[in-house]
Amino acid sequence: MDARRYSRPIMSDPFEYDEDDGWPAAPSGPAPAYPGPGGNVAANAAPPWLESLNEAQREAVLAVDGPVLVLAGAGTGKTRVLTTRLAQILHERRAKPYQILCVTFTNKAAREMRERVADLVGPATEGMWLGTFHALGTRILRRHAELVGLKSNFTILDTDDQIRLLKQILEAERIDEKRWPARMLIHVIQRWKDKGLTPDRVDASDAGEVANGRAIAVYKQYQERLQTLNACDFGDLLLHNLTLFKENPDVLEQYRHLFRYILVDEYQDTNISQYLWLRLLAKKGEVADEPANICCVGDDDQSIYGWRGAEVGNILRFEKDFPGAKVIRLERNYRSTPNILGAASGLIAHNEGRLGKTLWTDLPEEGQKVRVRGVWDGEEEARLVGEEIEALQLKGYPLDEIAVLVRAGFQTREFEERMITLGVPYRVVGGPRFYEREEVRDASAYLRVIAQPADDLAFERIVNKPTRGVGKTTMQAVHQAARLEQLPLSIAARRMVETDELKPAARRSLTAILDDFDRWRRAAEAVDHIELTETVLDESGYTAMWKESKKPEAPGKLENLKELLTAMEDYDDLAQFLEHVSLVMDADDRAQGPMVSLMTLHSAKGLEFGTVFLPGWEEGLFPHQRAMDENGLAGLEEERRLAYVGITRARERCEISFAANRRIHGSWQAALPSRFIDELPPKHIEMEADRGVYAGSGGGVAEDRYGFMYGGGGGSYSGGFGSRGSGLRPGVPERAGTFSQGGGPGFQRMKQRGLGSRAPVIEGQADYIGGDKDTDWGEGERCFHQKFGPGTVVKVAGDRLTIEFDKAGTKTVVAAFVERPE
DNA sequence: TTAAAATCGCTGGTC
DNA sequence: GCGATTTTAA
C-alpha cells in the first residue's frame, strides 16, 4: 500500500485514491500493511493509554462496535474517552483515518481533538473526517453541489448577509419591515432549517400569521435568491446535505460505506437536522438497516442550547433510535470537591426528565462549602468579588485559575471596570469573532467580488465603502436594472455606465470602481492572494479610510487588517481562504500572561477553573425572565442546567452571589434571590452576609438564609417573598413579568438598616490604596486608554490615575493601562 | 451625501 | 441608559 496516502493534508479527498474498487476498502481483520500508530507502538502490544482509564472509561473506549451512548457528566473525562477511542480504533487498524467521521460543534473542539489524538498515535490521524458539522457538511456539499442546484464554489453567507438579502425580499414583497423585522424572520427560517425543513415541507399552521401569513413564501424566495447567488447560509450546509442524500441514494450509500466509525461530541447540543444527517449516515452500507458503529458522547444535564435549535430529545431518544445501543455512564468526577459536586447535583436534581447520573468523587477532603452571598447592589457585588480576587492574587493564586461567569453579556461590564480599577489583568472571553469584525468582513467582501462577480451581497457591502460617490440613489437604479434583466449587480452596473441613465458624477464614480475590479481580477491571475489583498486594500482606499479615521477603534482595525494578511499565508489560494474566513477562522486570543476570565455561562461550558464566581443569581436575571416567558418549564429547566454548568466549572472554590437591587436597562429594580439558591442543598453551602451587616446582625445568619436581609429575627419575614414553601414556587413566579419596581419589603428594610449608604465610602478607597508606586504621569497630561480612548489626567495618586476621558467620562485607572498618545 | 435626530432593543452565540 | 441603526433634515 502506498505510504503517501497517510501523509496527505487533512482536507484531502479520500475519493481520489483507491480507484480499483471505487471505494476504499476497510479491512475486516487486522490490516496487513498498515503502519502502526506513530510508527512505534507494536501492533499487538496493549496500548499504553488504556491503563490510566477507569473502568467505565475503558469500556467506552473499547466498545467500538455497534451504537454506543456515553453519558459523560461534568468533569468525568469525556474528551479523554473520545480521543482515546479514536486512537484505539486507529491502533487496532479497524479503519483507515479517512473512514472515520468525528463531529464536533466548534472549531476549537475539533482542533483540540485532532491534537490530542495525534499525541497518542502520531501522524496516523491524517485524513480523518474530523471537524464541525458545518465544515464536514460543506466538504460533502462541494463535491456534489450540482445535485442540489449549486456550483461547487458557492459562497457561505453570514448573518449580516442573510439579513441584507431578506430585507430585499421583504421590500419586494411589500411586507412591512416594522411589523415583521428581518431579524425575526431570519430567525424563523433558521429554526425551520434546524428542523430539516425545506420550504415545501413547512407546515402552514407552523408559519401562522408570521409575515402576514406569507412566511413560507418568503422562505421559498429566500432560498431561490440564495440559489441564484450561488450561496448558502449556515443552515443550508446541512439542509442541502439532507436533500442530497434523500434524492441520491447512491451518494448516500457511498458515504455510509465510507464512514465505518462515527463519533459525535456534545450530542445533547445537536439539532434535528444534524440528528437526521447523522442518522442517515449511521447505517451500515451493506446491511441497510443495521446501525453502524456510532458513538455519541454527551450530557443531558449540560444541554443549554435549546434556544438555538438543539434538541435534548435527541440524546434522550438514543436507545430508541439505535436499538441494542450500549449506554455507558461516566460518573466519576475528577474535577470538583465533594461540596461543589454536592451542591451541583442537588440543584440539577430539581429537573425532570433526566437520564440520570450520580456524580461521585473519591477526593478525601470535602473542600470549602459553596459560598452564597447576598449584597446590596451590583456595584457592591463587583467590588467584593474584586477584593477577593485581589486577595487571591496576593497569595500567589494564579489568575488564569479564576473566572467570573455571568448569565448575560452586559454583566461583564461591572466586573471589567472593577478589574481596571484594581489593576488586575483580565480578559473578556467571547467578543466578536475575528471574521465577524467589520474590517475583516469588508476586506473579504472585496475579495469575494473579485472571486465571484455574481456575489451581489459582497458587492453592495463595499461599493461605497470607503465613500466614493456611489450612493443609495445610484444603487437603487442599478438594483432595478439588475432585477429587470436578471443579472448580477456588477454586470448590470457595467451595462449601466455605458448608457447615460445615470448622472455624470455617479456614472464616473461607478465606472471607476468597476474598472478597479476588472483590474484586480486580472491581477488575481498574476499575483498570489496575499499580494492581491494588499493591492486591493491599498488601491480601493480602504486602508486609507481607517488611517484617516479618528475613531478610537481605527488603529485596532488597521492592526486586524495586517493580521488578516498574516492569516492568509496559511492558505494556498483565494478560494481556500474565503471558505475558511466564513467557516473556520477564530479570533485568536493570544492572551499574554495569566488573566482573570470574564465570560458568560454559555461560553464557559467545557472549561474549568480553580475558583469560580457566579454573580447575579436573581429571579428574572437568572433564571432569565425571557427564558421562562417564552419556554415555560422547559425554559426554566434549561436555565437550571446552565446553573449546573456554572457550578461544575469549579474545582475547589465556588462563590455565588445575588444583589437586592440591580440596574437593568438604566433603571433600578429590586430583585429577589434566584430560586436556584433555595434549591442548593444546605449542607453543601454556606450563607453569608457581607461584613457590615454580619457584625450587626447578632447571629442567626447561618440558620436563616435570608436573616441578614430581612432582619436578624430569623424566619419571621413575611410577604411571601423569596421564601421557600410560600407556595410561590416552583413554576412561574407570582410576580410574572419583570422585576417589581424598587420598594418591596426587603428593599425598605435594607434601606432602614443603612446598608446602601456604605457603598460610596468603599468606592473612595481606590484613590488612596496601592499608592506607593510612583509614575511619571502629571496632571493635565493627555493620555490614551485601550478601552476608554483618549483623555486627560486630572489626578495622580501613586499608580492610580484619575482621567477625564473624552468619550467615556471620568474614571480612576491603574497607570500601567494607560499609554502616551502618539 | 452627510450629519443630526429619532428609534429600537435589551439572554445565550457555534458555524 | 446605552449603543447601534435608521430616519429625517440640511
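About the cut-offs
- Residues numbered from 1 in each chain as written.
- Chains lettered and ligands numbered in written order.
- Predicted model: local features only at pLDDT ≥ 70, side-chain atom pairs only at ≥ 80, totals over all residues.
- Heavy atoms only, no water.
- Phe/Tyr/Trp six-rings, centres within 6.5 Å; stacked < 30°, edge-to-face > 60°.
- Helix = DSSP H or I, 4+ residues; strand = E, 2+ residues; numbered from the N terminus.
- Buried < 20%, exposed > 50% of the residue type's maximum accessible area, 1.4 Å probe, protein only.
- Lys NZ or Arg CZ within 6 Å of the ring centre and 35° of its normal.
- Near = heavy atom within 4 Å.
- Polar contact = N/O pair within 3.5 Å; in protein donor to acceptor, adjacent residues only side chain to side chain.
- Salt bridge = Lys/Arg side-chain N within 4 Å of Asp/Glu carboxyl O.
- Axes fitted to C-alpha atoms, helices over the stretch in contact; angles between N-to-C directions.
- Parallel < 35°, antiparallel > 145°, perpendicular 65-115°, else oblique.
- Left-handed = near helix turned anticlockwise from the far one by under 90°.
- Contact = heavy atoms within 4.5 Å.
- Nonpolar A, V, L, I, M, F, W, Y, C, P; charged D, E, K, R; others polar.
- Patch = residues over 30% accessible without salt bridge, like charges linked within 9 Å, V, L, I, M, F, W, Y side chains within 5 Å.
- Areas by Shrake-Rupley, 256 points an atom, 1.4 Å probe, with all protein chains shown as cover.
- Lys, Arg positive; Asp, Glu negative; His and termini not counted.
- Charge placed at Lys NZ, Arg CZ, Asp CG, Glu CD.
- Pairing = 2+ DSSP bridges.
- Core = buried A, V, L, I, M, F, W, Y, C linked by side-chain atoms within 4.5 Å.
- pLDDT = per-residue confidence, 0-100.

**Description of the packing of aromatic side chains**
Each aromatic ring pair is described using two quantities: the centre-to-centre distance and the angle formed by the ring planes.
Thought 1: Taken as a whole, this structure holds 19 aromatic pairs when the rule is applied.
Thought 2: With centroids separated by 6.3 Å and ring planes inclined at 85 degrees, the aromatic side chains of W129 and Y255 adopt a geometry described as edge-to-face. With W129 in strand β3 (residues 129-132) and Y255 in helix α10 (residues 249-258), this pair connects stretches of sequence that are 126 residues apart.
Thought 3: Relative to W520, the ring of Y446 lies with its centre 6.1 Å away and its plane at 80 degrees, an arrangement referred to as edge-to-face. Of this pair, Y446 sits in helix α17 (residues 438-451) while W520 sits in helix α21 (residues 504-526), and the two are 74 residues apart along the sequence.
Thought 4: The class for W520 is buried, based on a relative accessible area of 1%.
Thought 5: Among the aromatic residues, ring-to-ring pairing joins Y446, F459, F517, W520 and Y542 into one connected group.
Thought 6: Lying across the ring of Y275, R317 places its NZ or CZ 4.7 Å from the centre.

**Some points on the protein's contact with DNA strand B**
Thought 1: Taken together, 28 residues surround DNA strand B, and among them N107, R407, R433, G471 and T600 come closest.
Thought 2: In the interface set of DNA strand B, defined as its atoms within 4 Å of the protein, sugar plus phosphate atoms amount to 50%.
Thought 3: Measuring from a phosphate oxygen of DNA strand B, one finds a backbone N or O atom of G409 at 2.5 Å.
Thought 4: For DNA strand B, a phosphate oxygen lies 3.5 Å from a polar atom in the side chain of S603.
Thought 5: Counting residues per element, the ones that place at least two in the surface near DNA strand B are α26 (601-604) and α27 (625-647).
Thought 6: Ranked by residues supplied to the surface near DNA strand B, first place goes to α27 with 3 residues.

**Description of the pattern of salt bridges**
Thought 1: Summed over the entire model, instances satisfying the criterion amount to 54 salt bridges.
Thought 2: When the shortest N-O distance is used, the salt bridge between R662 and E381 registers 2.7 Å. In this pair, R662 sits in strand β14 (residues 650-664) while E381 sits in helix α15 (residues 378-394), placing the two residues 281 residues apart along the sequence. E381 carries the same exposure label as R662, and that label is buried.

**What to know about the protein's contact with DNA strand C**
Thought 1: Taken together, K167, H665 and G666 are the residues near DNA strand C.
Thought 2: Near-protein atoms of DNA strand C (within 4 Å) split between backbone and bases, with sugar and phosphate holding 64%.
Thought 3: In the environment of DNA strand C, a phosphate oxygen lies 2.6 Å from a nitrogen or oxygen atom belonging to the side chain of K167.
Thought 4: In the environment of DNA strand C, a sugar or linking oxygen lies 3.1 Å from a nitrogen or oxygen atom belonging to the backbone of G666.

**Some points on the packing of α17 against helix α22 (residues 529-539)**
Thought 1: Following both chains from N to C, one finds α17 and α22 inclined at 110 degrees, their axes separated by 10 Å at the closest point. By the angle class used here, α17 and α22 are roughly perpendicular. Where α17 crosses over α22, the two elements pack in a sense that is right-handed. Facing α17, whose interface residues are A443, Y446, L447 and I450, α22 presents L532, T533, V536 and L537.
Thought 2: Here the residues of the contact of α17 with α22 are counted per class, giving 7 nonpolar, 1 polar and no charged.

**Overview of a negative patch on the surface**
Thought 1: Negative charge collects at one region of the surface, where D528, E531, E534 and D538 lie side by side.
Thought 2: Looking at where E534 falls in the secondary structure, it is placed in helix α22.
Thought 3: For E534, a relative accessible area of 43% translates into the label partly exposed.

**What to know about the sheet that holds strand β8 (residues 326-330)**
Thought 1: Spatially, β3-β2-β6-β7-β1-β8 is the arrangement adopted by the 6 strands of the open sheet, whose pairing is parallel. Each having just a single partner strand, β3 and β8 make up the two edges of the open sheet. When strand polarity is set aside, the average angle formed by the axes of neighbouring strands in this sheet is 15 degrees.
Thought 2: Strand direction decides the pairing type here: strand β1 (residues 68-72) and β8, joined by 5 bridges, are parallel. Among the inter-strand pairings, A72 is bridged to a residue of β8, identified as L330.
Thought 3: Along the sheet, helix α1 (residues 55-62) contacts β1 and β8; its crossing angle with β8, the most-contacted strand, is approximately 145 degrees.
Thought 4: Along the sheet, helix α4 (residues 133-143) contacts β2 (100-104), β3 and β6 (261-264); its crossing angle with β3, the most-contacted strand, is approximately 120 degrees.

**What about the nonpolar core?**
Thought 1: Counting 71 residues, the largest nonpolar core has F245 and W277 as its most contacted members.
Thought 2: Those residues in contact with F245, other than ones at most four positions away along the chain, are I140, V251, L252, Y255, W277, L280 and L281.
Thought 3: Ranked by size, the runner-up nonpolar core spans 48 residues in total, among them A443, A481, V497 and F517.

**Quick word on the environment of A60**
Thought 1: When you line up the elements, A60 lands in helix α1.
Thought 2: Given a relative accessible area of 0%, A60 falls into the buried group.
Thought 3: Separated by 266 residues in sequence, A60 and K326 place their C-alpha atoms 9.2 Å apart.
Thought 4: Filtering out sequence-adjacent residues up to four positions away, A60 remains in contact with V70, V81, R85 and I328.

**Describing the confidence of the model for chain A**
Thought 1: Summing up the model confidence of chain A, the mean pLDDT is 81 and the portion of residues at 70 or higher is 81%.
Thought 2: For chain A, the element scoring lowest by mean pLDDT is helix α32 (residues 759-763), at 25; strand β13 (residues 609-614) scores highest, at 98.
Thought 3: Below pLDDT 50 for its whole length, residues 1-42 participates in 66 contacts with residues either more than four positions away or in separate chains.
Thought 4: Segment residues 691-772 is flagged for pLDDT under 50; beyond a separation of four residues in sequence, or across chains, it makes 117 contacts in the model.

**What about the pairing of strand β7 (residues 293-298)?**
Thought 1: The buried fraction of β7 is high, at 6 of 6 residues.
Thought 2: On β7, burial covers both faces: N293, C295 and V297 on one face and I294, C296 and G298 on the other are all buried.
Thought 3: Bridging between β1 and β7 involves 4 bridges; their strand directions are parallel. Bridge assignment links L69 to a residue of β7, and that residue is C296.
Thought 4: Of the strand pairs in this sheet, β6 and β7 are connected by 4 bridges, and their pairing is parallel. Its bridge partner lying in β7, Y261 is registered against N293.

**Structural notes on helix α25 (residues 574-583)**
Structurally, the α-helix is built with 3.6 residues per turn, so residues lying three or four positions apart point the same way.
Thought 1: Extensive coverage of α25 is indicated by the burial of 8 of its 10 residues.
Thought 2: Within α25, burial applies to L574, F577, L578, E579, H580, V581, S582 and L583.
Thought 3: The N-cap residue of α25 is D573: its side-chain oxygen and the backbone nitrogen of A575 are 3.2 Å apart.

**Looking at unusual backbone geometry**
Thought 1: At the junction of K465 and P466, the peptide bond is cis and its omega measures out at 5 degrees in the coordinates.
Thought 2: Mapped onto the elements, P466 comes out in the loop between α18 (456-462) and α19 (472-485).
Thought 3: Between F622 and P623 the backbone carries a cis peptide bond, its omega angle lying at 10 degrees.
Thought 4: Turning to its location among the elements, P623 is positioned in the loop between β13 and α27.
Thought 5: For R93, which is not a glycine, the phi torsion comes out positive at approximately 55 degrees.
Thought 6: Phi at N230 is positive, roughly 55 degrees, even though this residue is not glycine.
Thought 7: Relative to the elements of secondary structure, N230 occurs in the loop between α8 (215-228) and β5 (231-232).

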